[in-house]
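If you want the building blocks of each chain, they are given just below.
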Amino acid sequence: MQTEETDKKREIRHTAVELFKQNGYDNVTLNDICRACHISKNTFYYYFTGKDDLIRQLLKPPVQLNSTVLMRIMAIEDPYDQLIELYTLSVRHFASMGPEIARKLLAENLTRPFVDDRRKCKGAPSEYFQLVRGIYEKAMKQGEIRDDVSVRDLIHGAMILLMGCLQIWATVDDPSFDLEKTYLRNYKLLIRK
């Protein structure tokens with residue numbers, strides 16, 4: 001399986017997510033995805049090991065953070081505002097998939113063994129993690145966010161908070177629950193001094 005992000009991989013993932021939203025995850029087959037993408041199953045398997053792998057990859061750092069979006073974030077002068085923009089985009093990424101796909105993402109996440117990556121990191125941190133860590137460090141140095149815990153713990157806490165808010169949003173039948181507002185309000189409580 002290929003791990004590099006390519007236009008074709010993004011196209012397959014985007015098409016699959018749209019099919020899942022329209023028809024429900026369980027009602028979409030690999031044949032449906034391949035037909036909609038005009039690819040063979042071999043091509044699909046070049047990028048993903050199956051539908052579950054495709055879903056798991058949606059949990060990775062926001063796939064919508066292309067170079068244009070990253071440049072826009074980096075153009076924001078204040079590191080605290082950069083963090084807010086980064087996590088706003090993350091929340092919107094998950095919200096755009098809808099509650100059914102979010103539930104499937106959460107279920108897939110529960111089937112994976114927990115690895116405390118704060119202590120056990122294989123190889124060098126990803127470029128995404130390095131970028132986020134740098135923004136947190138700058139915000140700490142400027143006194144905008146708490147400095148009584150490590151940057152790694154703040155990042156980890158932000159992701160745990162995101163998964164918790166996502167679970168509530170995806171499982172509670174309450175149209176008034178605003179995922180973005182709830183997450184950002186609690187995220188600010190987490191990181192502010």
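Residues numbered from 1 in each chain as written. Predicted model: local features only at pLDDT ≥ 70, side-chain atom pairs only at ≥ 80, totals over all residues. Heavy atoms only, no water.

Here helix α1 (residues 7-23) crosses helix α2 (residues 30-37) at 120°, and the two axes come no closer than 9 Å. Between α1 and α2, the angle is such that the two are oblique. Our pair here, α1 against α2, has a crossing hand that is right-handed. Seen from α1, the contacting residues are K8, E11, I12, T15, A16, L19 and F20; seen from α2, they are D32, I33, A36 and C37. (Axes fitted to C-alpha atoms, helices over the stretch in contact; angles between N-to-C directions. Helix = DSSP H or I, 4+ residues; strand = E, 2+ residues; numbered from the N terminus. Parallel < 35°, antiparallel > 145°, perpendicular 65-115°, else oblique. Left-handed = near helix turned anticlockwise from the far one by under 90°. Contact = heavy atoms within 4.5 Å.)

Further remarks concern the pattern of salt bridges. Applying the stated rule across the entire model yields 10 salt bridges. Its salt-bridge partner being E18, residue K21 comes within 3.4 Å of it at the nearest N-O pair. One end of the pair, K21, and the other, E18, are both in helix α1, three residues apart, so they sit about a helical turn from each other. Where R35 meets D32, a salt bridge forms, and the shortest distance between an N and an O atom there is 2.8 Å. A residue pair is termed a helical-turn pair when its members lie 3 or 4 positions apart in one helix, as R35 and D32 do in helix α2 at three residues. Given a relative accessible area of 24%, D32 falls into the partly exposed group. Residues participating in the shared-partner salt-bridge network are R56, K104 and E108. (Salt bridge = Lys/Arg side-chain N within 4 Å of Asp/Glu carboxyl O. Buried < 20%, exposed > 50% of the residue type's maximum accessible area, 1.4 Å probe, protein only.)

These figures capture arrangement, not role.
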